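Here is what each chain is made of, one letter per residue.
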Amino acid sequence: MSSSLPAGGAECASTISSPFAHVSPGKEEVALELCRRVQQALLTAVSERTKASLAISGGSMNNMLRALKDADDIPWEHVHVFWADERCVPHDHEDSNFGAACKAWIDAVNLDKANNVHPVPAPEKGADEAADAYETLLRSQPDAVLPKSADGTPAFDLLLLGFGPDGHTCSLFPGLPHMDDTSGRAVLAVHDSPKPPPERVTLTAGVCRASRSILFVGVGAEKASTVNICLSDDTASRQLPAARVTREAQQATWLLDMAAAAGELRNP
Ligand SMILES: O=C1O[C@H](COP(=O)(O)O)[C@@H](O)[C@H](O)[C@H]1O
């Protein structure tokens, strides 16, 4: 592929009319749009501050990041990759977000895995230990790699987020207290995730707020009702973690296909 990834399709007519949304025709175009925006954000960060920090989610997003293998002008030697959340399983387990990313794209790009890829350490030891280890890992990064906001919160250049049918994002689930955490931590342990596995580690809402830019990604009709709820202007809907993160973000965009954007949507 050429050094510039093609745009993932023009903005499409759909029932969606949110300032937060970019709608492409189908999943492949969403993936291209995602990779094009990731490429652009990384290039911008590297040109402005010589390094770029990227935090990624698990789930369906990994396959959409495959096109990064074809983007030949990303300065991978200056890019550092972290995780928005992790399931407490060994890295080679099929549920591992890190493992899935390695298989889908990390092992195929020119990333220095030993020095520039930063998975949650030893998630198999359980959520408490893994959360503490990841908190230490994030806070010990030099500012050049992972800048901090004025209050010391790690501030990623780009945060890539998926979302579930219940409105969760990272491993911030509705009905659990993590979204309202005020401890000042960057990472929290989750012991009772309604989506298996129950033990997880997640970045906090505070880290999402500190991130320079957030891309939410969702495709398929099964995401449509969540999109509809999260991007509506209904006050109750705004309490869902994905909706709150969107509205509290410095900059957030939802990359959707037509199927995911098909719900009726009122402007926020
Ligand atoms: O469990 C998780 O789910 C969400 C959404 O996954 P998807 O497959 O529906 O896209 C994901 O963003 C998160 O990282 C993951 O741990």
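The structure contained in this document is the topic of the report that follows. (Residues numbered from 1 in each chain as written. Predicted model: local features only at pLDDT ≥ 70, side-chain atom pairs only at ≥ 80, totals over all residues. Heavy atoms only, no water.)

**Things to note about the pairing of strand E1 (residues 21-24)**
What counts is decided by this rule: Note on exposure labels: buried denotes an accessible area under 20% of the residue type's maximum, exposed denotes more than 50%, and partly exposed covers the range between, all computed with a 1.4 Å probe on protein chains only. Helix and strand definitions here come from DSSP, where helices need a minimum of 4 consecutive H or I residues and strands a minimum of 2 consecutive E residues; each element is numbered from the N-terminal end. Two strands are said to pair when DSSP picks up at least two bridges between them.
Every second residue of E1 is oriented toward a common face, with Ala21 and Val23 on one face and His22 and Ser24 on the other, all of them buried. Strand direction decides the pairing type here: E1 and strand E9 (residues 252-257), joined by four bridges, are parallel. Bridge pairing links His22 to Leu255 in E9.

**Some remarks on helix H1 (residues 27-49)**
Test applied: Given the number of residues in a helix, its expected span is that number minus one, multiplied by 1.5 Å.
Over its 23 residues, H1 runs 33 Å from end to end, which matches the ideal 33 Å to within 8%, given 1.5 Å per residue. The complete set of buried residues in H1 reads Val30, Ala31, Glu33, Leu34, Cys35, Val38, Gln39, Leu42, Ala45, Val46 and Arg49. Just downstream of H1 lies Thr50, where phi reads positive at about 70 degrees.

**Digging into the environment of Pro198**
Our working definition: Whether two residues touch is decided by their heavy atoms; if any such pair falls within 4.5 Å, the residues are in contact.
Relative to the elements of secondary structure, Pro198 occurs in the loop between strand E6 (187-190) and strand E7 (200-203). Considered as a pair, Pro198 and Ala127 are 71 residues apart in the sequence and their alpha carbons are 9.4 Å apart. For Pro198, the residues in contact, after removing those within four places along its chain, are Val190, His191, Asp192 and Ser193.

**A word on the packing of aromatic side chains**
Threshold: The criterion for an aromatic pair is that two Phe, Tyr or Trp rings (for Trp, the six-membered ring) have centres within 6.5 Å, with stacked assigned to planes under 30 degrees apart, edge-to-face to planes over 60 apart and tilted to the rest. Criterion for a charge above a ring: Lys NZ or Arg CZ within 6 Å of the ring centre, and within 35 degrees of the ring normal.
Under the defined criterion, the tally for this structure stands at five aromatic pairs. Between the aromatic rings of Phe163 and Trp254, the centroid separation amounts to 4.7 Å while the plane-to-plane angle is 40 degrees, which identifies the pairing as tilted. Here Trp254 lies in strand E9 and Phe163 lies in the loop between strand E5 (158-161) and E6, a separation of 91 residues in the sequence. Consider the rings of Phe216 and Trp254, whose centres lie 4.7 Å apart with planes at 20 degrees: the pair is stacked. Residue Phe216 is found in strand E8 (residues 214-218), and its partner Trp254 is found in strand E9; the two are separated by 38 residues along the sequence. You can call Phe216 buried: its relative accessible area is 0%. Ring pairing ties together the aromatic residues Phe163, Phe216 and Trp254, which thus form one cluster. Against the face of Phe163 rests Lys223, its NZ or CZ located 5.0 Å from the ring centre.

**A look at the sheet that holds strand E2 (residues 52-56)**
To keep things clear, this is the line we draw: Lines fitted to C-alpha atoms define the axes, with helix axes restricted to the stretch in contact, and inter-axis angles between N-to-C directions lie between 0 and 180 degrees.
Across the sheet, six strands lie side by side as E1-E9-E8-E5-E2-E3; this open sheet has parallel pairing. In this open sheet, the two strands that pair with only one neighbour each are E1 and strand E3 (79-83). Pairs of neighbouring strands in the sheet enclose a mean axial angle of 20 degrees, with direction left out of account. Each of E1, E2, E3, E5, E8 and E9 touches H1; the most contacted strand, E9, lies at about 155 degrees to it. Along the sheet, helix H8 (residues 241-248) makes contact with E5, E8 and E9, crossing E8 at roughly 145 degrees.

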